[in-house]
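The lines below spell out each chain.
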Amino acid sequence: MGGAELTQQFMPEHEIIVTNLSLEHPFAVQSSGAALPFIDNAFDVVLTIDTLEHIPPADRQMFLSEMMRVANSYVLITGPFASPINHEAERLLDDYIFETTGQHYYYLAEHLEFGLPALHDTERQLIADGCATFTIPSGYTPRWIAMMLLRFSMAGTAQGRAANQWLEKLYNHQFYWIDHTEPSYRQVVIAAKDGSIEAIREIGNLFAVGKSAYGEPDFDHLLALWQTMSVARIFDAYEQKISLLQSQNEMMAANIKAFESGRFMRFMSTIHALRRHFEGV
């Protein structure tokens, strides 16, 4: 629910049905997650990505219940969950975006308005519905806030889009496997309705293997990128000041020209008036 094209790219061999409040995505079913238009046990797996935090707290229980109802085997819920460090990280990011752009980022504003969901409440509801659950942390919060600050810094530069794509590749290559650790910004909650939770636990163990296989990441690339973006923003600021000064200079030159033209016309008008005066004497 609330899915996008990336889900299909990762699983091209599977049929994926996306539900959304809007019909922005092709083949999407327009529906509220709290009232899904499907029969019970309609899908093998029901997945929601970064959606629960955008639902008003009073509707979250019904949202989860609907996922459970239409799932046959597994329910996967991934997104940010509440913690003191996550709250401070989002507040810091919101302040930075507002200071640099003068606007609040829409999705982040909803997080702050509704509050992030509580992980224990989500797990408790799934267990109460008879599911076995397994949770994997995803996205080390200190690194998440650093990456987000970089992304929004680059968004204001001429090459921001390309730089952000490079940043995402760098993260996936160097940071992904070690980011499944606490304190974590996101959690992946897996509920086995009629499936084996042990199979999911085995998948979770792959992250520990990945940490050993890829080793510690090299932070020099991120540091160099941050320094480059900082210098770029300084140069952008200087260019804006130079452009403003040039505009002011052009305006001043135009005013001087207009003033001189007016003064010349007043001088000629005075000469003409004097000549008429003496001719009349």
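In the block above lies the structure referred to throughout.
Every value quoted in this text rests on a predicted model; they were computed, and no experiment measured them.

Peer 1: Sorry if this is basic, but what is going on with the pattern of salt bridges here?
Peer 2: Between side chains of opposite charge, pairing is possible as soon as their charged atoms come close. Under the criterion given, the structure shown has five salt bridges. Ionic pairing is found between R124 and D121, a salt bridge with its closest N-O pair at 2.5 Å. Taken together, the residues span about one helical turn, with R124 and D121 both in helix α5 (residues 119–128) at a distance of three residues. A single salt-bridge network, built from bridges that share partners, covers D40, E66 and R69.

Peer 1: Help me understand the packing of helix α2 (residues 57–70) against α5, please; the structure alone is not making it clear to me.
Peer 2: Two measures define how a pair of helices packs: the angle their axes make with one another and the distance between the axes. Viewed as axis vectors pointing N to C, α2 and α5 meet at an angle of 40°, and their least axial separation amounts to 11 Å. Comparing their axes, α5 and α2 come out oblique. Once α2 is placed against α5, the crossing between them reads as right-handed. Across from Q61, L64, S65 and M68 in α2, the residues of α5 making contact are T122, Q125 and L126.

Peer 1: Honestly, the packing of aromatic side chains in this entry has me stumped. Any pointers?
Peer 2: Inspection of the entire model under this criterion finds five aromatic pairs. A ring pair is formed by Y106 and Y107, whose centres lie 5.3 Å apart and whose planes are at 75°; its orientation type is edge-to-face. In this structure an aromatic cluster arises from ring pairing among Y105, Y106, Y107 and F152.

Peer 1: Looking at this model, I keep getting lost on the pairing of strand β3 (residues 43–49). Mind explaining?
Peer 2: In summary, the side chains of a regular strand alternate between the two faces of the sheet. With six bridges connecting them, β3 and strand β4 (residues 71–80) associate as parallel partners. Bridge pairing in β4 places I49 opposite T78. Taking the sense of rotation as the criterion, the β-α-β connection linking β3, α2 and β4 turns out right-handed.

Peer 1: Would you take a moment to explain the sheet that holds strand β5 (residues 132–140) for this structure?
Peer 2: What holds strands together in a sheet is hydrogen bonding between their backbones, with the strands either parallel or antiparallel. Overall, mixed pairing links the four strands, which are arranged β3-β4-β6-β5 in an open sheet. In this open sheet, the two edge strands, each paired with only one partner strand, are β3 and β5. Shown here is a sheet whose adjacent strand axes are inclined to one another by a mean of 15°, direction ignored. Bridging between β5 and strand β6 (residues 184–192) involves eight bridges; their strand directions are antiparallel. Pairing of S138 across the sheet is with R186, part of β6.

Peer 1: Just checking my understanding: could you explain the environment of A118 for this structure?
Peer 2: Within the fold, A118 resides in the loop between α4 (106–114) and α5. Overall, the relative accessible area of 21% leaves A118 in the partly exposed class.

Peer 1: Looking at this model, I keep getting lost on a nonpolar patch on the surface. Mind explaining?
Peer 2: A grouping of Y105, Y106 and Y107 is seen on the molecular surface, where their side chains present a nonpolar patch of about 350 Å² in accessible area. Along the chain, Y105 turns up in the loop between α3 (84–101) and α4.

Peer 1: Explain unusual backbone geometry to me, please; I cannot follow it from the model alone.
Peer 2: With the exception of glycine, most residues fall at negative phi, and the peptide bonds are largely trans. Along the chain, E182 connects to P183 via a cis peptide bond; the corresponding omega equals -5°. Mapped onto the elements of the fold, P183 is located in the loop between α7 (160–174) and β6. The phi angle at N41 is positive, at roughly 55°, despite the residue not being glycine. Here N41 shows up in the loop between β2 (28–30) and β3.

Peer 1: Explanation requested: α4 in the structure shown.
Peer 2: Within an α-helix, residues lying three or four positions from one another point in the same direction, as the helix has 3.6 residues per turn. Every buried residue belonging to α4 is among L108, E110 and H111, and all of these are buried. For α4, the buried positions fall inside an angular range of 155° around the axis, keeping them on one side. Among the exposed residues of α4, those pointing more than 90 degrees away from its buried face are Y106 and E113. Buried residues in α4 make contact with β4, α3 and β6. With its phi angle positive at about 85°, G115 sits one or two positions after the end of α4.

Cut-off values and rules
- Residues numbered from 1 in each chain as written.
- Predicted model: local features only at pLDDT ≥ 70, side-chain atom pairs only at ≥ 80, totals over all residues.
- Heavy atoms only, no water.
- Salt bridge = Lys/Arg side-chain N within 4 Å of Asp/Glu carboxyl O.
- Helix = DSSP H or I, 4+ residues; strand = E, 2+ residues; numbered from the N terminus.
- Axes fitted to C-alpha atoms, helices over the stretch in contact; angles between N-to-C directions.
- Parallel < 35°, antiparallel > 145°, perpendicular 65-115°, else oblique.
- Left-handed = near helix turned anticlockwise from the far one by under 90°.
- Contact = heavy atoms within 4.5 Å.
- Phe/Tyr/Trp six-rings, centres within 6.5 Å; stacked < 30°, edge-to-face > 60°.
- Pairing = 2+ DSSP bridges.
- Right-handed = clockwise from strand over helix to strand, strands pointing away.
- Buried < 20%, exposed > 50% of the residue type's maximum accessible area, 1.4 Å probe, protein only.
- Patch = residues over 30% accessible without salt bridge, like charges linked within 9 Å, V, L, I, M, F, W, Y side chains within 5 Å.
- Areas by Shrake-Rupley, 256 points an atom, 1.4 Å probe, with all protein chains shown as cover.
- Arc of directions from axis to C-beta.

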